[in-house]
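Working through the structure, step by step
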Amino acid sequence: MNYLIIGASRGLGALFAQSLPHAGDTVWLVARSQPDLTDTDGVKRIWIQADLADANAARQITQVLQNQTLDVCLYNAGIWETDAFSDRYDFEAVADDELERILHVNLTAAMQITQKMLIPLRRSSNGKIIFIGSNAGLENSGRPEVAYVVSKFGLRGLTHALRKLVQKDAIGVTCINLGDVGEVVFEEGQFLARHSGERPLIALNDIVTMLQAVIALSNTSCVKEIDLLAMTDDI
């Protein structure tokens, strides 16, 4: 299989790059900084250096993949406001350029890149587009981080509109809305999730398992959305 993972140098993206593909697969990894390109597991990993805040990112990716077959396009990028998820957050203090950057990275770039990837995806017999969303983008989430919430809510809209568009091509489009994952780090040969508080987080293996299930579906069915929350989230 051929994968494109956008936002792959660290955190969840790095986890996906290491855990989703199998020997013989090829993975293109989009990131500003070089991700782990280890190939000892038989997976061919190729770095596409691109800044998703740059309007040229979609063009850079297209130049590499326009003649390829793509089975899975996974958009994992996500940024948020300064002091988000803390008592210090102040929407009125957020600068215009920060608002624009959040909306571009989280939503506009996702739309631009997937638009360009439809041709490579149509070459697959079982193409999948997967967006990593957030519970902040769900109705009545209670989150005050305006730009982040708007972008993740919009990502769900992109998911539903795009699914209708490519239904005729049997390409599945899914948004996975994650609850609290914390900071994902790689230490001593394993990925770990950290949180400043004491409450449990979503197990990283659960996220991987859910992605594997979506990818393994045949082209006769499609999961529209998955809300994957920590047991201690407000559900």
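Worth saying up front: this structure is predicted, and the values here are computed from it rather than measured.

**A closer look at the sheet that holds strand β2 (residues 26-31)**
Spatially, 7 strands are ordered β3-β2-β1-β4-β5-β6-β9 in an open sheet, and the strand pairing comes out parallel. Looking at strand neighbours, the two that pair on one side only are β3 (44-49) and β9 (225-228), the edges of this open sheet. With direction set aside, neighbouring strand axes in the sheet form an average angle of 15 degrees. Strands β1 (2-6), β2, β3, β4 (72-75), β5 (128-134) and β6 (172-178) of the sheet are contacted by helix α1 (residues 11-19), whose axis makes an angle of about 170 degrees with β1.

**Overview of the nonpolar core**
Ranked by internal contacts, the top residues of the largest apolar core, which has 32 residues, are L4, L52, Y75, M117, I129 and F131. Those elements that provide at least two residues to this core are β1, β2, α2 (57-65), β4, α3 (96-122), β5, α4 (146-166) and β6. Considering every element that reaches this core, the biggest residue donor is α3, with 8 residues. When sequence neighbours within four positions are dropped, the list of residues in contact with M117 reads L4, I61, T62, L65, L70 and C73.

**Overview of the packing of α3 against α4**
Put simply, α3 and α4 touch, their axes get as near as 8 Å, and they point 15 degrees apart. Judged on the interaxial angle alone, α4 and α3 are roughly parallel. For the pair α3 and α4, the crossing hand works out as right-handed. On α4, the residues touching L99, I102, L103, N106, L107, A110, M111, T114 and L118 of α3 are A147, Y148, V150, S151, K152, G154, L155, L158, L162, L165 and V166.

**Focus on the packing of aromatic side chains**
Each aromatic ring pair is described using two quantities: the centre-to-centre distance and the angle formed by the ring planes. Per the stated rule, a full pass over the model turns up 1 aromatic pair. Centre to centre, the rings of W80 and Y148 are 5.8 Å apart; their planes meet at 90 degrees, and the pair counts as edge-to-face. Linking W80 in the loop between β4 and α3 with Y148 in helix α4, this pair joins segments that are 68 residues apart in sequence. Geometry around F153 places R156 over its ring, the cationic atom sitting 5.4 Å from the centre.

Reading the values: rules and limits
Residues numbered from 1 in each chain as written. Predicted model: local features only at pLDDT ≥ 70, side-chain atom pairs only at ≥ 80, totals over all residues. Heavy atoms only, no water. Pairing = 2+ DSSP bridges. Helix = DSSP H or I, 4+ residues; strand = E, 2+ residues; numbered from the N terminus. Axes fitted to C-alpha atoms, helices over the stretch in contact; angles between N-to-C directions. Contact = heavy atoms within 4.5 Å. Core = buried A, V, L, I, M, F, W, Y, C linked by side-chain atoms within 4.5 Å. Buried < 20%, exposed > 50% of the residue type's maximum accessible area, 1.4 Å probe, protein only. Parallel < 35°, antiparallel > 145°, perpendicular 65-115°, else oblique. Left-handed = near helix turned anticlockwise from the far one by under 90°. Phe/Tyr/Trp six-rings, centres within 6.5 Å; stacked < 30°, edge-to-face > 60°. Lys NZ or Arg CZ within 6 Å of the ring centre and 35° of its normal.

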